[in-house]
Amino acid sequence: MTSSIRATARGSLLFASIALAALPLAGIAAGLSVSDTRLIIDSGKSSVAIVMSNTTPIPFLTKAWIEDVHGNKTDKLMVVPPVVVSVPNKFNRFQVSVLEPQDLPQDKESVFYLQTHSAPGNGNPSNSLNVSYNTKLKVFYRPKGLSGSMDDAIESLHWTLKAGVLTAKNDSNFNVSVVTVGLDKNFKQLSGFMIAPKSSAQFQVTGKYPKEVTVRWAAMDDFGSPRFVSKTIPND
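Residues numbered from 1 in each chain as written. Predicted model: local features only at pLDDT ≥ 70, side-chain atom pairs only at ≥ 80, totals over all residues. Heavy atoms only, no water.

### Concerning the sheet that holds strand S4 (residues 38–41)
Here is step 1: Spatially, S4-S11-S10-S6-S8 is the arrangement adopted by the five strands of the open sheet, whose pairing is mixed. The open sheet has two edge strands with one neighbour each: S4 and strand S8 (83–86). Taking the axes of each pair of neighbouring strands and ignoring which way they run, one obtains an average angle of 25 degrees across the sheet.
Here is step 2: Here eight bridges tie strand S6 (residues 60–67) to strand S10 (residues 110–120), and the two strands are oriented antiparallel to one another. Its bridge partner lying in S10, lysine 63 is registered against histidine 117. (Pairing = 2+ DSSP bridges. Helix = DSSP H or I, 4+ residues; strand = E, 2+ residues; numbered from the N terminus. Axes fitted to C-alpha atoms, helices over the stretch in contact; angles between N-to-C directions.)

So, in structure tokens, the structure goes:
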């Protein structure tokens, strides 16, 4: 019998894009790139920087802004500069700052998104393809004195399987970005899937499994790399 796993949302489960999304310029082995796949404002600091490089022969006009988890622009964080010309074979530095850290939760990690849109400037040949670049990067804010770590949060996800429903509970103070989940040899790739602090996620499971199963999952660490974990749990 074929088995499958389907993700569903529960509680304050969050969805977001994880990695840089960009389209290559036709006929040019170059593009726009950023120095990081995620930004972390840690230990009560107020800002963090990221670098965008333009390795194309044409300029781009880049606009940058901050959104909350619902996709709305927010003034809780600020990115400077908000508009910049990305000159060919040069780089630009963006500074993301928390404006009022005391207004953010002090007992858990907060997450926002740095969005950029880069449109090509003048100078393209008339027969070339104009391609825009877009990025969407997570920005995590961790208040001073926050207990735990991302690695611990990933490893300590609590899993249960009951009546065909696989539940992952996040008891930590961190947002855990899960990229794969599986029972025994049945795996599902996840895109933009994040479990908020003190929240849970559910996965519909079809097919028959034994009384004990091995759940395997991977989630992104602070360096943007997947951390793989497995655990044997009862099938209730």
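### Let's talk about the pairing of strand S7 (residues 77–80)
Here is step 1: Side-chain alternation along S7 places Leu77 and Val79 on a buried face and Met78 and Val80 on a face that remains uncovered.
Here is step 2: Of the strand pairs in this sheet, S7 and strand S9 (residues 90–98) are connected by four bridges, and their pairing is antiparallel. In the sheet register, valine 80 faces S9, and the bridge partner there is glutamine 95. (Buried < 20%, exposed > 50% of the residue type's maximum accessible area, 1.4 Å probe, protein only.)

### Side note on the nonpolar core
Here is step 1: Residues Trp159, Leu166, Leu183, Phe203 and Val215 are the most contacted members of the largest nonpolar core, which totals 27 residues.
Here is step 2: In this structure, Ile41, Val48, Phe94 and Leu114 belong to the second largest nonpolar core, which totals 24 residues. (Core = buried A, V, L, I, M, F, W, Y, C linked by side-chain atoms within 4.5 Å.)

### Here we look at empty space enclosed by the protein
Leftover empty space is mapped by rolling, across the atoms, a probe with the size of a water molecule.
Here is step 1: As enumerated under the stated definition, the model contains two cavities of 30 Å³ or more in all.
Here is step 2: When its volume is computed, the second largest cavity comes out at roughly 30 Å³.
Here is step 3: Grouping the constituent residues of the lining of the second largest cavity by class yields six nonpolar, two polar and no charged. (1 Å grid on protein atoms, 1.4 Å probe; cavity = no way out; pocket = protein on both sides within 12 Å on 5 of 7 lines; lining within 4 Å. Points joined across faces, edges and corners; volume = space filled by probe spheres on them. Nonpolar A, V, L, I, M, F, W, Y, C, P; charged D, E, K, R; others polar.)

### Quick notes on the environment of valine 229
Here is step 1: Within the element layout of this structure, valine 229 appears in strand S18 (residues 226–234).
Here is step 2: Overall, the relative accessible area of 16% leaves valine 229 in the buried class.
Here is step 3: Measuring from C-alpha to C-alpha, the distance between valine 229 and valine 215 comes to 8.5 Å, with 14 residues separating the pair along the chain.
Here is step 4: Setting aside residues no more than four positions away along its own chain, valine 229 makes contact with Ile154, Glu155, Val215, Arg216 and Trp217. (Contact = heavy atoms within 4.5 Å.)

### Regarding the sheet that holds S7
Here is step 1: Taken in spatial order, the four strands of this open sheet run S3-S5-S9-S7, and their pairing is antiparallel. At either margin of the open sheet sits one strand with a lone partner, and together these are strand S3 (32–34) and S7. Strand-to-strand twist in this sheet, taken as the mean axis angle between neighbours without regard to direction, amounts to 20 degrees.
Here is step 2: Where strand S5 (residues 47–54) meets S9, eight bridges bridge the pair, whose relative direction is antiparallel. Across the sheet, residue serine 53 finds its bridge partner in S9, namely phenylalanine 91.

### A closer look at a nonpolar patch on the surface
Here is step 1: Residues Leu61, Val83, Val85 and Val87 make up a contiguous nonpolar surface patch of about 310 Å² in total accessible area.
Here is step 2: With a relative accessible area of 39%, valine 87 lands in the partly exposed category. (Patch = residues over 30% accessible without salt bridge, like charges linked within 9 Å, V, L, I, M, F, W, Y side chains within 5 Å. Areas by Shrake-Rupley, 256 points an atom, 1.4 Å probe, with all protein chains shown as cover. Salt bridge = Lys/Arg side-chain N within 4 Å of Asp/Glu carboxyl O.)

### A few points about the pairing of strand S17 (residues 212–220)
Here is step 1: Extensive coverage of S17 is indicated by the burial of seven of its nine residues.
Here is step 2: Here S17 runs beside S18; their pairing, made up of nine bridges, is antiparallel. Considered in S18, the bridge of arginine 216 is made with serine 230.
Here is step 3: The antiparallel pairing of S17 with S18 creates a hairpin that spans five residues between the two strands, and glycine 224 there sits at a positive phi of about 80 degrees.

### Focus: the side chain of threonine 167
Here is step 1: Among the secondary structure elements, threonine 167 is positioned in strand S13 (residues 165–170).
Here is step 2: Setting aside chain neighbours within four positions, we find threonine 167 in contact with His158, Trp159, Thr160, Ser200, Ala201 and Gln202.

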